[in-house]
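Working through the structure, step by step
Residue-level listing of the chains:
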Amino acid sequence: MRGREVLINLIHSQEALHAGFGGVVPEVAARAHLEKLPALVEAALDRTGARPQDIDLLAVTRGPGLIGCLLVGTGLAEGLAAAWDRPLAGVNHLWGHVYAALLAQPDLEPPLLALVVSGAHSDLVWMPRHGEFEVLGRTRDDAAGEAFDKAARMLGLGYPGGPALDRLARTGDAARQPLPVPALPGLEYSFSGLKTALLYRLRDLGEPISELEKAHLAAAFERSVVESLLAKLETAMRDRRPREVVVCGGVAANTLLRRRAAEVVGDRARLTIPPLALCTDNAAMIAAAAELNPVRPPALADPALTW
Ligand code: KG4
Ligand code: ZN
């Protein structure tokens, strides 16, 4: 990237690789990183015509994430930094999700309030300035993405579940099979009870279940997750009165969440939701967190385990 302009953002999807297992197998994922990463770096240089000496800064994810994949990534990045004599920044994956929003909105700067929703996180964070994050609320059990993936599996939608559930929900009516909206006090989330509610509903309905009934359940599950996420965002907005609100992370690709977030935030703040390709994990967001943060992250201190 150059400034906020993304020159290239390559992804090698491992979806097909893990689909047969019904989820990500850490060992398989790490091996695939080892096989595919060098070719991706070469392709990025080829397609942009950039030479190593044109690069001002290399950035790599240092966590949180699957340790095998992180080690492959950081090993390659350290090797390239040494071979090309370029500086290296070790970026927090979660910071990357927030900085993706800065790529989507040319004049977006902190302070901002962010709802970060991914496969492993459902966090409400206050970012007063670059490189500073205060967690206001998080999940007590499952993350929103994890809940979507598990619900999708219960509905027989396979892997990856979130996008499949999103598609199916578009054809259903949430009111036909209503599920409870989780509501813990404060700014905490919990999705395990909702998951159990879906499990019991499926058991009560018995087999076989029609495609239409499945779609109603998908829509109801999606509505409960989305309304729960946005209820806490709303509370945090009342507390902090932000001018900028960001919704980001893989789950921010969800159709209903995108639409309802716009309605809930309304004109009280400016809402930025990155385009789909910048919501789900990608390289550009990691580059952005290194490049757009004037407090340059250190190369590779300890692996980041959380914010
Ligand atoms: O941020 P991300 O790409 O990876 C992690 O850092 O975890 O988020 C992946 C999560 C998965 O749980 C996936 O099912 C969910 O985001 N996801 C979605 C949608 N697209 C991806 N969930 C609901 N609706 C979607 N359209
Ligand atoms: Zn992520």
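Quick caveat, the model's predicted, so the values are computed rather than measured. Starting afresh in each chain, residues are numbered from 1 along the sequence in its written order. Starting at A for chains and at 1 for ligands, labels are handed out in the order in which the entities are written. The predicted nature of this model means local features are confined to residues of pLDDT at least 70 and side-chain atom pairs, given and counted, to a pLDDT of 80 or more, with totals for whole chains, interfaces and linings taken over all residues. Side-chain calculation: all heavy atoms of the structure are included, whereas hydrogens and water are not.

1. Some thoughts on the site of ligand 1
Whether a residue is near a molecule or strand is decided by its heavy atoms; if any one of them lies within 4 Å of it, the residue is near. Residues in contact with ligand 1 amount to 17 residues; listed here are only the nearest, His97, Gly119, Asp149, Asp166 and Asp281. Polar contacts here mean pairs of N or O atoms no more than 3.5 Å apart (in protein, one a potential hydrogen donor and the other a potential acceptor; neighbouring residues in sequence count only if both atoms are side-chain atoms). Contacts to ligand 1 include Asn254, whose side-chain N or O atom sits 3.1 Å from a nitrogen atom. For ligand 1, whose free accessible area comes to 550 Å², the fraction covered by protein is 85%. As a working rule, the residues Ala, Val, Leu, Ile, Met, Phe, Trp, Tyr, Cys and Pro are called nonpolar, Asp, Glu, Lys and Arg charged, and the rest polar, with Gly in that last group. Split into classes, the residues belonging to the shell around ligand 1 amount to five nonpolar, nine polar and three charged. Accessible areas in this description were obtained via Shrake-Rupley with a 1.4 Å probe; residue shielding takes into account the shown protein chains only.

2. Comments concerning the packing of aromatic side chains
The criterion for an aromatic pair is that two Phe, Tyr or Trp rings (for Trp, the six-membered ring) have centres within 6.5 Å, with stacked assigned to planes under 30 degrees apart, edge-to-face to planes over 60 apart and tilted to the rest. Within this structure, the stated rule accounts for four aromatic pairs. Both rings, one in Phe133 and one in Trp307, keep their centres 5.1 Å apart while their planes meet at 35°; by these two values the pair is tilted. With a gap of 174 residues between them, Phe133 in the loop between strand S4 (122-127) and strand S5 (134-137) and Trp307 in the segment after helix H11 (283-291) connect regions that are remote in the sequence. Of the two residues, Phe133 and Trp307, both sit in the buried class. Aromatic side chains Tyr189 and Phe191 sit 6.0 Å apart centroid to centroid with 15° between the ring planes, which places their arrangement in the stacked category. Of the residues examined, Tyr189 reaches a relative accessible area of 0% and is grouped as buried. Here the aromatic cluster, defined as three or more aromatic residues joined through ring pairs, consists of Trp95, Phe133 and Trp307. Runs of H or I in DSSP of at least four residues are treated as helices and runs of E of at least two as strands, each being numbered from the N terminus. The buried label goes to any residue with under 20% of its type's maximum accessible area, the exposed label to any with over 50%, and the partly exposed label to all in between, with areas taken from a 1.4 Å probe on protein chains only.

3. Here's the deal with the pairing of strand S2 (residues 88-92)
Of all five residues that make up S2, five are buried, and the element is covered over most of its length. Residues of S2 alternate between two faces, with Leu88, Gly90 and Asn92 on one and Ala89 and Val91 on the opposite face, all of them buried. Criterion used throughout: strands pair if DSSP finds at least two bridges between them. Sheet analysis places strand S1 (residues 58-63) next to S2, joined by five bridges and oriented parallel. What sits directly across from Ala59, in S2, is Ala89.

4. As for helix H9 (residues 255-265)
Of the residues making up H9, those classed as buried are Leu256, Leu257, Ala261, Val264 and Val265. For H9, the angular spread of buried residues about the axis comes to 140°, placing them on one side. With a side-chain oxygen lying 3.1 Å from the backbone nitrogen of Leu256, the N-terminal cap of H9 falls on Asn254. Taken from the residues just after H9, Gly266 is the one with a positive phi, measuring 55°. An arc is given here, and it is the one of the directions from the helix axis to the C-beta atoms.

5. A word on the pattern of salt bridges
A pair is scored as a salt bridge if a Lys or Arg side-chain nitrogen falls within 4 Å of a carboxyl oxygen belonging to Asp or Glu. Considering all chains together, one arrives at 18 salt bridges under this definition. The partner of Glu27 in a salt bridge is Arg31, and the shortest N-O contact between them spans 2.9 Å. Of this pair, Glu27 and Arg31 both sit in helix H2 (residues 26-48), separated by four residues, roughly a single helical turn. The partner of Glu211 in a salt bridge is Lys214, with the nearest N and O atoms 3.5 Å apart. With Glu211 and Lys214 both in helix H8 (residues 211-240) and three residues apart, the pair spans about one turn of that helix. The exposure class of Lys214 is buried, given its relative accessible area of 15%. The network of salt bridges with common partners includes Asp142, Glu146, Lys150 and Lys195.

6. Description of H8
Given 3.6 residues per helical turn, the α-helix brings residues three or four places apart onto the same face. Over its 30 residues, H8 extends 43 Å from the first C-alpha to the last, a length consistent with the 44 Å expected when each residue adds 1.5 Å. With its phi angle positive at about 45°, Arg241 sits one or two positions after the end of H8. To estimate how far a helix should reach, multiply one less than its number of residues by 1.5 Å.

7. Section: the nonpolar core
With 50 residues, the main nonpolar core has Leu115, Phe221, Val225, Leu229, Leu233, Val247 and Leu257 as its most contacted residues. Looking at this core, the elements with two or more residues in it are strand S3 (112-117), S4, helix H5 (144-154), helix H6 (161-169), helix H7 (192-205), H8, strand S6 (244-248) and H9. Each residue touching Leu233, except ones within four places of it in the same chain, is listed here: Leu113, Leu115, Leu124, Tyr189, Val245, Val247 and Val265. Within the second largest apolar cluster, 29 residues are counted, among which are Ala89, Met127, Cys248 and Ala290. Grouping buried Ala, Val, Leu, Ile, Met, Phe, Trp, Tyr and Cys residues that are joined through side-chain atoms within 4.5 Å yields what is termed a nonpolar core. Two residues qualify as a contact provided that any one of their heavy atoms is within 4.5 Å of a heavy atom in the partner residue.

8. Focus on the packing of H5 against H7
Angles shown run from 0 to 180 degrees and are taken between the N-to-C directions of axes, each axis being a line fitted to C-alpha atoms and, for helices, limited to the stretch in contact. Where H5 meets H7, the closest approach of the two axes is 10 Å, and the angle between their N-to-C directions is 10°. Relative to H7, the element H5 lies roughly parallel. Contact with H5, carried on its side by Lys150, Ala151 and Met154, involves Lys195, Leu198, Leu199 and Leu202 of H7 and no other residues of that element. A breakdown of the residues in the contact of H5 with H7 according to their chemical character gives five nonpolar, no polar and two charged. By definition in this entry, angles of less than 35 degrees are roughly parallel, angles greater than 145 are roughly antiparallel, angles of 65 to 115 are roughly perpendicular, and the rest are oblique.

9. Regarding the coordination of the zinc ion (ligand 2)
Bound to the zinc ion (ligand 2) are the protein donor atoms His93 (NE2), His97 (NE2) and Asp281 (OD), situated 2.0 to 2.2 Å from the metal. Donor atoms are limited to N, O and S found within 2.8 Å of the metal ion, a distance that becomes 3.2 Å for Na, K and Ca. With water left out, some sites might look partial. On the primary sequence, the residues serving as donors to the zinc ion (ligand 2) are separated as H-x3-H-x183-D. A residue pair is termed long-range when its members are at least 10 positions apart, and His97 in helix H4 (residues 93-104) and Asp281 in the loop between helix H10 (276-279) and H11 qualify at 184 residues. Note on Asp281: relative accessible area 46%, which makes it partly exposed.

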